[in-house]
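An overview of the molecular structure
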Amino acid sequence: MAGFDLRMTAAEVDALMLRAFPDADRETMWKVTALSPGRASIVRPYADFMLRPGGLISGPNLMALADSAAYALILAHIGEQLMAVTSQLTMNFLRGARPGDLHADAELLHLGRRSAVCDVRLWTESPEKPAAQANVTYALPLPTSAA
């Protein structure tokens with residue numbers, strides 16, 4: 001996607017998350033599987049605790065992965081600025097997410113000085129059968145020269 005430049009690789013984003021969240025469960029932590037200018041894909045390995053009654057992946061797990069995908073995508077473009085924070089997340093639940101690895105495909109719609117906006121699609125069965133879609137906005141930290 002034209003206009004966006006990466007500052008980190010997928011491996012660098014994953015390593016940063018492991019350093020930033022040292023108490024995270026390594027077995028179920030998401031990983032970046034693809035990264036290109038303006039786009040990122042991440043996957044979170046399936047675990048039984050992700051299920052809600054009825055045998056589907058719960059909404060909070062879907063929302064967490066949508067937020068994580070946006071965070072990974074934004075950090076890949078702005079660098080190690082861990083104080084970028086979610087300022088808005090709107091979730092549309094489209095169908096039940098069947099048990100399985102949870103995937104998120106994120107697209108950067110806007111990257112400004114103070115905010116970034118992403119579109120995130122979540123799925124377990126196939127990208128053609130999205131379980132949910134989210135719009136996620138992040139507030140970006142002030143540049144260090146402006147602090």
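This text goes with the structure placed above it.
The structure contained in this document is the topic of the report that follows. (Residues numbered from 1 in each chain as written. Predicted model: local features only at pLDDT ≥ 70, side-chain atom pairs only at ≥ 80, totals over all residues. Heavy atoms only, no water.)

Observations regarding the overall build of the protein
- The helix and strand tally for the protein stands at 2 helices and 8 strands.
- Going from N to C terminus, the protein has its helices and strands arranged as α-β-β-β-β-α-β-β-β-β.
- Relative to the 2.2 N^0.38 estimate, which gives 15 Å for 147 residues, the radius of gyration of the protein is 15 Å and therefore close to what a compact globule would have.
- Across the protein, every contact between residues at least 6 apart in sequence was considered, and the portion connecting residues at least 24 apart equals 64%.
- Put simply, the protein shows about 7,600 Å² of open surface, and 55% of that area lies on carbon and sulfur atoms.
- On the protein, the mean spot of the 13 positive side-chain charges and the mean spot of the 15 negative ones are 5 Å from each other. (Helix = DSSP H or I, 4+ residues; strand = E, 2+ residues; numbered from the N terminus. Rg over C-alpha atoms; globule rule 2.2 N^0.38 Å. Contact = heavy atoms within 4.5 Å. Areas by Shrake-Rupley, 256 points an atom, 1.4 Å probe, with all protein chains shown as cover. Lys, Arg positive; Asp, Glu negative; His and termini not counted. Charge placed at Lys NZ, Arg CZ, Asp CG, Glu CD.)

Points about the nonpolar core
- Within the largest apolar cluster, 42 residues are counted, with the highest numbers of intra-cluster contacts made by Trp30, Ile42, Ile74, Val120, Leu122 and Tyr138.
- Among the elements of the structure, α1 (10-20), β2 (39-44), α2 (59-78), β6 (102-111), β7 (115-123) and β8 (132-139) are those that each provide at least two residues to this core.
- With 12 residues, α2 is the single largest residue contributor to this core.
- Contacts of leucine 122, omitting those with residues within four sequence positions, involve Leu62, Leu65, Ala66, Met91, His103, Ala104, Pro130, Ala131 and Ala132. (Core = buried A, V, L, I, M, F, W, Y, C linked by side-chain atoms within 4.5 Å. Buried < 20%, exposed > 50% of the residue type's maximum accessible area, 1.4 Å probe, protein only.)

Focus on the side chain of histidine 77
- By the secondary structure assignment, histidine 77 is in helix α2.
- For histidine 77, a relative accessible area of 3% gives the class buried.
- A polar side-chain atom of histidine 77 sits 2.8 Å from the main-chain carbonyl oxygen of leucine 73. (Polar contact = N/O pair within 3.5 Å; in protein donor to acceptor, adjacent residues only side chain to side chain.)

Structural notes on the packing of α1 against α2
- Contact pair α1 / α2: the axes reach a minimum separation of 10 Å and the direction vectors enclose 115°. In this structure, α1 crosses over α2, and the sense of that crossing is right-handed. Taken together, the residues of α2 that come into contact with α1 (itself represented by Val13, Leu16 and Met17) are Tyr71, Ala72, Leu75 and Ala76.
- Of the residues contributing to the contact of α1 with α2, the split by class is 7 nonpolar, no polar and no charged. (Axes fitted to C-alpha atoms, helices over the stretch in contact; angles between N-to-C directions. Left-handed = near helix turned anticlockwise from the far one by under 90°. Nonpolar A, V, L, I, M, F, W, Y, C, P; charged D, E, K, R; others polar.)

Here's the deal with the sheet that holds strand β5 (residues 85-93)
- Read from one edge to the other, the open sheet built from 6 strands follows the order β1-β2-β6-β7-β8-β5, with strand pairing classed as antiparallel. What marks the edges here is a single partner per strand, and that holds for β1 (31-36) and β5. Going across the sheet, the axis of each strand differs from the next one's by a mean of 20°, ignoring polarity.
- Sheet topology places β5 next to β8; 8 bridges connect them, and they run antiparallel. Bridging from a neighbouring strand, methionine 91 pairs with alanine 134 of β8.
- On top of the sheet, α2 reaches β1, β2, β5, β6, β7 and β8; it is set at about 45° to β6, its chief contact. (Pairing = 2+ DSSP bridges.)

Considerations on the pattern of salt bridges
- The final tally for this structure, using the stated rule, is 5 salt bridges.
- In this structure, arginine 98 engages glutamate 125 in a salt bridge whose closest nitrogen and oxygen atoms are separated by 3.5 Å. Pair noted here: arginine 98 is in the loop between β5 and β6 and glutamate 125 is in the loop between β7 and β8, with a separation of 27 residues, a long-range link.
- Judged by its relative accessible area of 49%, arginine 98 is partly exposed.
- You can call glutamate 125 partly exposed: its relative accessible area is 37%. (Salt bridge = Lys/Arg side-chain N within 4 Å of Asp/Glu carboxyl O.)

Quick look at the environment of cysteine 118
- In this fold, cysteine 118 is placed in strand β7.
- Separated by 30 residues in the primary sequence, cysteine 118 and glutamine 88 have C-alpha atoms spaced 10 Å apart.

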